[in-house]
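# Observations on chain architecture
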Amino acid sequence: MRSITRCLGLASGAMALTALTALAGTGAADAAPTGTQTLYAPSALVVSVTAGQDAAAGTVLRAVTLVCAPRPGGTHPSPAAACAELRANAASLDALAAPRPDSACTREWNPVTVTADGVWQGRRMSWTYTFGNPCGLRSSNGVLFGI
């Protein structure tokens, strides 16, 4: 059962990466106005939420693509807000995982792992964070992982 779940998780990740590549490839061709030349550093990620404390061995619950250059897009429900958060916190996404001051969660151990994998402003990005339970994820700052 675990190997089937792992294969399904890897297959869905591969499909999301394929979709991300297609989205990133189509957006850049139409980005520059006619007669001008511009170069956008690629910024496209696969954002996922996985049940368990290990993204590679857990069950992928949700995965979306997020393209930030030349303009926000992808399958993320709030691409403009998520791209703005990335621009403000790209040095350390840990700030987005911090709980809001007005939130309260139980201390049950039911881990949920979030990942952001891809390219951010032309550089490879791979970030992972494990919340103690789904409440921790829901009460975190930002919209990047609100998928």
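Higher on the page you've got the structure.
Residues numbered from 1 in each chain as written. Predicted model: local features only at pLDDT ≥ 70, side-chain atom pairs only at ≥ 80, totals over all residues. Heavy atoms only, no water.

## Thoughts on the nonpolar core
In this structure, Leu86, Leu93, Leu144 and Phe145 are the most contacted members of the largest nonpolar core, which totals 23 residues. Listed by contribution, the elements that provide at least two residues to this core are strand 1 (44–51), strand 2 (59–67), helix 2 (79–89), helix 3 (94–97), strand 4 (112–120) and strand 5 (123–131). Here this core gets four residues from one element, more than from any other, and that element is strand 4. (Core = buried A, V, L, I, M, F, W, Y, C linked by side-chain atoms within 4.5 Å. Buried < 20%, exposed > 50% of the residue type's maximum accessible area, 1.4 Å probe, protein only. Helix = DSSP H or I, 4+ residues; strand = E, 2+ residues; numbered from the N terminus.)

## A word on the sheet that holds strand 5
With antiparallel pairing, five strands are arranged side by side in an open sheet as 3-2-1-4-5. The sheet is open, and its two borders are formed by strand 3 (73–74) and strand 5, each paired with just one other strand. Sheet analysis places strand 1 next to strand 4, joined by eight bridges and oriented antiparallel. By the bridge assignment, Val46 is partnered in strand 4 with Asp117. Contacts between helix 2 and the sheet are confined to strand 1, strand 2, strand 3, strand 4 and strand 5, with strand 2 contributing the most and set at about 85° to the helix. (Pairing = 2+ DSSP bridges. Contact = heavy atoms within 4.5 Å. Axes fitted to C-alpha atoms, helices over the stretch in contact; angles between N-to-C directions.)

## Considerations on the state of the cysteines
Here the structure, examined in full by the defined rule, presents two disulfides. For Cys68, the disulfide goes to Cys83, at an S-S distance of 2.0 Å. Between Cys68 and Cys83, the S-S torsion sits near -90°, and that sign places the bridge as left-handed. Of the two residues, Cys68 sits in the loop between strand 2 and strand 3 while Cys83 sits in helix 2, which places them 15 residues apart along the sequence. For the pair formed by Cys68 and Cys83, the shared burial category is buried. Here Cys105 is linked by a disulfide to Cys135, with a sulfur-sulfur distance of 2.0 Å. Negative torsions about the S-S bond denote left-handed disulfides, and the value of about -80° found for Cys105 with Cys135 makes this one left-handed. With a gap of 30 residues between them, Cys105 in the loop between helix 3 and strand 4 and Cys135 in helix 4 (residues 134–138) connect regions that are remote in the sequence. When the cysteines of the protein chain that form disulfides are numbered from the N-terminus onward, they connect as 1-2, 3-4. (Disulfide = S-S within 2.5 Å.)

By themselves, these observations are geometric and do not establish any function.
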